[in-house]
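# Results of the structural survey
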Amino acid sequence: MNQAGKTVFFRKDYKAPEYSIEKIDLNFQLYDTKTKVTAISCVRRNNKENRSPLILNGENLQLISVKIDGNVLSSSEYILDNTSLTVLTPPAVFELEIVTEIYPQENKALEGLYQSGPIFCTQCEAEGFRKITYYPDRPDILAVFTTRIEADVEKCPVMLSNGNLIETGSVEEGGRHFVVWKDPFPKPCYLFALVAGRLSCVNDEFITSSGRAVDLKIYVEEKNLNKCDHAMVSLKKAMEWDEKTYGLEYDLDTYMIVAVDDFNMGAMENKGLNIFNSKYVLTSPETATDEDYIGVEGVIAHEYFHNWTGNRVTCRDWFQLSLKEGLTVFRDQNFSAEMNSPTVQRIKDVQILRNFQFREDSGPMAHPVRPETYEEINNFYTVTVYNKGAEVVRMVQTLLGREGFRKGMDLYFHRHDGQAVTCDDFIAAMADATGTDLEQFKNWYCQAGTPVLEVSSHWEADSSSFHLTVTQNCPDTPGQKGKNKKPFHIPLALGLMTENGKDLFGKNGCKTEILHLKEQKQTFTFTNIAEKPVVSFLRDFSAPVDVKTFQQDEELAFLMKYDSNLYNRWESATRLSASTILDVVRQLEKGTPIQFNELFFDGVLHSITEKIEDPALLALALELPPETALALQLDSVDPDLLFQGRTIIKRELATRFQNEFLFLYINNQEAGKYRISPEAMGRRRLKNCALSYLMSLNPPQDKFLQLCIDQFSKSANMTDTITALRLISHHPGTTRDALFTDFYRKWEHDSLVMDKWFAIQAMSSHENCLSTVKHLLSDRLFSMENPNKVRALIGAFSSGNHVQFHAINGEGYSFLADMILQLDSINPQIAARLVSPLTNWKRYEKRRQILMKKELERIAKKPGLSPDVSEIVNKSR
Ligand code: PHE
Ligand code: ZN
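The name an unreviewed UniProt entry assigns to the protein chain is Aminopeptidase N, from the organism Desulfomarina profundi. UniProt lists a comment for the protein chain under the heading Cofactor (unreviewed entry), and it reads "Zn(2+)". Of the comments in the UniProt record for the protein chain, the one headed Catalytic activity (unreviewed entry) reads "Release of an N-terminal amino acid, Xaa-|-Yaa- from a peptide, amide or arylamide. Xaa is preferably Ala, but may be most amino acids including Pro (slow action). When a terminal hydrophobic residue is followed by a prolyl residue, the two may be released as an intact Xaa-Pro dipeptide."

The structure is reproduced here in structure tokens:
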């Protein structure tokens, strides 16, 4: 227990289970107001001598009966409390029958068995199975599941569970029917799933490399049948990719995906029966943006890849979450890179890391990729576990090479198929398969914080040698002092370039060398370097570190134009734009007249006027870093000045390069049919980026406003429509209102499209934004019980509208606190996720610090606050 009286879990306390469950037969009888669950398990004691009690987890359950080998237990033979059922002296091997009643229609936390509209569905990861029946709810207990479902034929014509359908029939009780599913693969209960309801299905087939036919089924509401093509194509691509890249085939005869509207996360990899947030399944050109298309492809692949990395080999305990999540994100990133543009994909990966993970890593919730402790595991599905975890796996691949990495993966599956294992087991497989020493590398798993690198260099003309000195330091993080941290093993991908843009290395066509930084300070020497080189450092972002800028703006401008590593061109462009904006912010702070960094403007002009190789890359280079990312580079953030500084630079660019932007806008219009190829998506991104500059001019220009309105009314694709609406949202007035009304009328029947309508209004930089948001809370299409709506309105305002959320009157903060308090009694997981923008109060200037802290205190005082919100609030106070 901690001071607040909450139970705290520690990684070091892991103990192997006392009992194992070989198989479990579940029987669900679904009714309108309750569901009866009968669970019959074969239980075996692992330890012969020790006659310890059997502890089963259970929450929100109505216990009806417990039997052992057919005999009803009397109440003196077990202990029941709010979170567990303990059988006091069970035999060594026995059959356990437990009957419970549950109430899915009242379950708004969306964990366990719940209803999304009329559809019954489950969510068991991480600890949701205990809301279905009493069970040892831990991932290292693997059992074979057989599931019988019985329900009304009319209401639930479709009834699904994991594995293969082995029986169907009707029940004597009027109008009811049943199905039986059996999953032959032993699995932890967090991978259990059940779905029942009125669903329609799109069918396809995939022939595996060994020639087996797999039925592919996507279940959606009937009205959405025409929006599943892209998801199906993505699934087949993912199946093929995993065979080609890792030799991994699918293992059941059917692969099912179900889309539901109410879901806490993106999707869930339940064995053979993935359940998805409909946002990551449904697409059509009229309703989904390019970003949505890419998101669907990525999430479909992610869940599919879990079948091997997560399901066949699972986690021993929840501290090992990154074992499956870091590895699976790494796999889906590589898949998306191959399906689209590798450089664009890499930039997006890095943006997530920099804009979100670095922030988490520097705040009160910072934790290692493999946490040492938690209060509520749901709070640890984080960008650190997922995305930094993926970077750690990527570094392993960089150290071992692609072939070595593949050998490591092969050994990992060979050793651990069917087991529940740890991050150490993963690293051991990688090390053993290639004979690499990864001991020091493991620090990445246990030390939190983003290492900071400082770089210096000098070139000696006499000896034609070049010396590069790099130091690493890791800041303090909760419970870990920086000075006690051990140095990380950091792969540094380095290029040295001549002044006319040639790479100096050329071994086997490889222009990049991998340096191993292992000491706190290390010098690398290069010989035969006849002229002073320009350093292209950390190519492709070879490690999740924060490199202090060590180059002059001239060098950055040079790299932005000529670096042979395309990722680093973007990196240099971003560094230059960030420093240019922050310069202006400092000048605003001091009240001195604004002077611009001309090198930056030269660089931008050069990129705009160069021959365009990849339109998406140009767009990414032109898009200025978001305020949340810039804020990380300031010690005491004033959100108003930051917004002003960024706006000044954006307008200055728009003013100077008006003609160029207009040219880009016109020249990147769609020629011919709408397509979702990387090239077409890149053009749309570039065109819309240009329009965004033109719309930022102050005073606004009628001709550009008209361009934007025309785009809104003529476009037949959601990317262009929503961009136009977003750009107009910053300009209040009757035109804006008319477009929003128009859009509402057109799309009110489509919940996912309406999420965009809510989000855009919540992100308007206009100062009456908060009052609009408050007003929208009572729109008939808004619901606090639907996580997508909460994210669209409240989430978008608090984490996507930096300047308005941080308004100095503190109303943004108190609004968010009100919402968190309200949501806490409905859906604690979603409530806890909303706290994040308040947790980093220390980064802000004094007045805001006080206001933010006050709201955290107010939340903390709520009687009966959920463990989810309580953990985050208390750790950030
Ligand atoms: N395991 C899911 C994924 O990564 C995420 C998830 C976690 C979904 C917890 C629901 C609940 O794909
Ligand atoms: Zn996952």
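Having seen the model, we can carry on.
## Notes on the overall build of the protein chain
In terms of helices and strands, the protein chain carries 27 helices and 31 strands. Taken against the 2.2 N^0.38 rule, which gives 29 Å for 877 residues, the C-alpha radius of gyration of the protein chain at 28 Å falls within 12% of a compact globule. Partitioning the intrachain contacts of the protein chain with sequence separation of at least 6 by distance along the chain shows that 70% fall at a separation of at least 24.

## Looking at the sheet that holds strand S27 (residues 490-497)
Judged by pairing direction, the sheet is antiparallel, and its three strands sit side by side in the order S28-S27-S30 without closing on themselves. Looking at strand neighbours, the two that pair on one side only are strand S28 (513-517) and strand S30 (534-536), the edges of this open sheet. Going from strand to strand, the sheet's axes swing by 40° on average, the running direction of each strand aside. As judged from the three bridges shared by S27 and S30, these two strands associate in the antiparallel manner. Pairing of Met497 across the sheet is with Val534, part of S30.

## A closer look at the nonpolar core
With 236 residues, the main nonpolar core has Val195, Val258, Ile275, Val281 and Ile820 as its most contacted residues. Considering every element that reaches this core, the biggest residue donor is helix H5 (residues 383-416), with 12 residues. Once residues within four sequence positions are removed from consideration, Val258 is found in contact with Cys121, Leu160, Val195, Leu199, Tyr219, Leu273, Ile275 and Phe276.

## Some words on the site of ligand 1
In the region of ligand 1, the neighbouring residues are Gln123, Glu125, Ala126, Asn264, Met265, Ala267, Met268, Glu269, His302, Glu303, Glu325 and Tyr381. Contributions of two or more residues to the shell around ligand 1 are made by strand S20 (267-268) and helix H2 (290-305). For the shell around ligand 1, a count of residues per class yields five nonpolar, three polar and four charged. Formed jointly, the shell around ligand 1 draws a minimum of three residues from each of two domains, domain 1 (24-197) and domain 2 (199-306).

## Side note on the sheet that holds strand S7 (residues 78-80)
In spatial order, the strands read S4-S8-S7; together these three strands make up an open sheet with antiparallel pairing. What marks the edges here is a single partner per strand, and that holds for strand S4 (54-57) and S7. Between one strand axis and the next, the sheet turns by 15° as a mean value, whatever way the strands run.

## Description of the UniProt feature "domain: Peptidase M1 alanyl aminopeptidase C-terminal" (unreviewed entry) in the protein chain
When the UniProt feature table is mapped onto this chain, "domain: Peptidase M1 alanyl aminopeptidase C-terminal" (unreviewed entry) is found at residues 553-876. Span residues 553-876 is 72% helix and 0% strand, its end C-alpha atoms 37 Å apart.

## Describing helix H20 (residues 769-776)
An α-helical turn contains 3.6 residues, so a residue and the one three or four places further along point in the same direction. Taken residue by residue, H20 has Cys769, Leu770 and Val773 as its buried positions. Down the axis of H20, the buried set is contained in an arc of 95°. They therefore lie on one face. For H20, exposure combined with an orientation more than 90 degrees from the buried face picks out Ser771 and His775. Looking at the buried side of H20, the elements it contacts are helix H19 (751-762), helix H21 (787-800), helix H22 (802-805) and helix H23 (811-824).

## What about the domain arrangement of the protein chain?
Here the protein chain is described as being made up of domain 1 (24-197), domain 2 (199-306), domain 3 (313-446) and domain 4 (452-548). Using C-alpha coordinates to define each centre, domain 1 is positioned 32 Å away from domain 3. Each partner contributes to the interface: domain 1 provides eight residues, whereas domain 3 provides nine residues. When its residues are assigned to classes, the side of domain 1 that touches domain 3 shows five nonpolar, no polar and three charged.

Parameters at a glance
- Position numbers for residues count from 1 along each chain, tracking the sequence in the order it is written.
- Note on labels: chains are lettered from A, ligands numbered from 1, in written order.
- Since the coordinates come from a predicted model, pLDDT governs what is reported: local features require at least 70, and pairs of side-chain atoms require 80 or more to be given and counted, while whole-chain, interface and lining totals use all residues.
- UniProt positions are given in the numbering used here, feature names are shortened, and annotations may be inferred rather than shown by experiment.
- For helices the rule is a DSSP run of H or I covering at least 4 residues; for strands it is a run of E covering at least 2, with both sets numbered from the N terminus onward.
- The reference for a compact globule is 2.2 Å times residues^0.38; the radius of gyration itself is calculated from the C-alpha atoms.
- For the purpose of contact definition, each residue receives a C-beta atom placed from its backbone, and two residues are in contact when these atoms lie within 7 Å.
- Paired strands are those between which DSSP finds at least two bridges.
- Simply put, an axis is a line fit to the C-alpha atoms, just over the touching stretch for a helix, and the angle between two N-to-C directions goes from 0 to 180 degrees.
- The term nonpolar core refers to a set of buried Ala, Val, Leu, Ile, Met, Phe, Trp, Tyr and Cys residues connected through C-beta atoms within 7 Å.
- Residue burial here comes from a neighbour count, namely the number of other C-beta atoms, placed from the backbone, that lie within 10 Å of the residue's own C-beta, with 20 or more meaning buried, 12 or fewer meaning exposed, and in between meaning partly exposed.
- Nearness is defined per residue: the C-beta atom, placed using the backbone, must lie within 6 Å of the molecule or strand.
- When residues are grouped by polarity, Ala, Val, Leu, Ile, Met, Phe, Trp, Tyr, Cys and Pro land in nonpolar, Asp, Glu, Lys and Arg in charged, and all others, Gly among them, in polar.
- As annotated, the domain borders come from an automatic or database domain assignment.
- Directions are taken from the helix axis to each C-beta atom, and the arc is the one they span.

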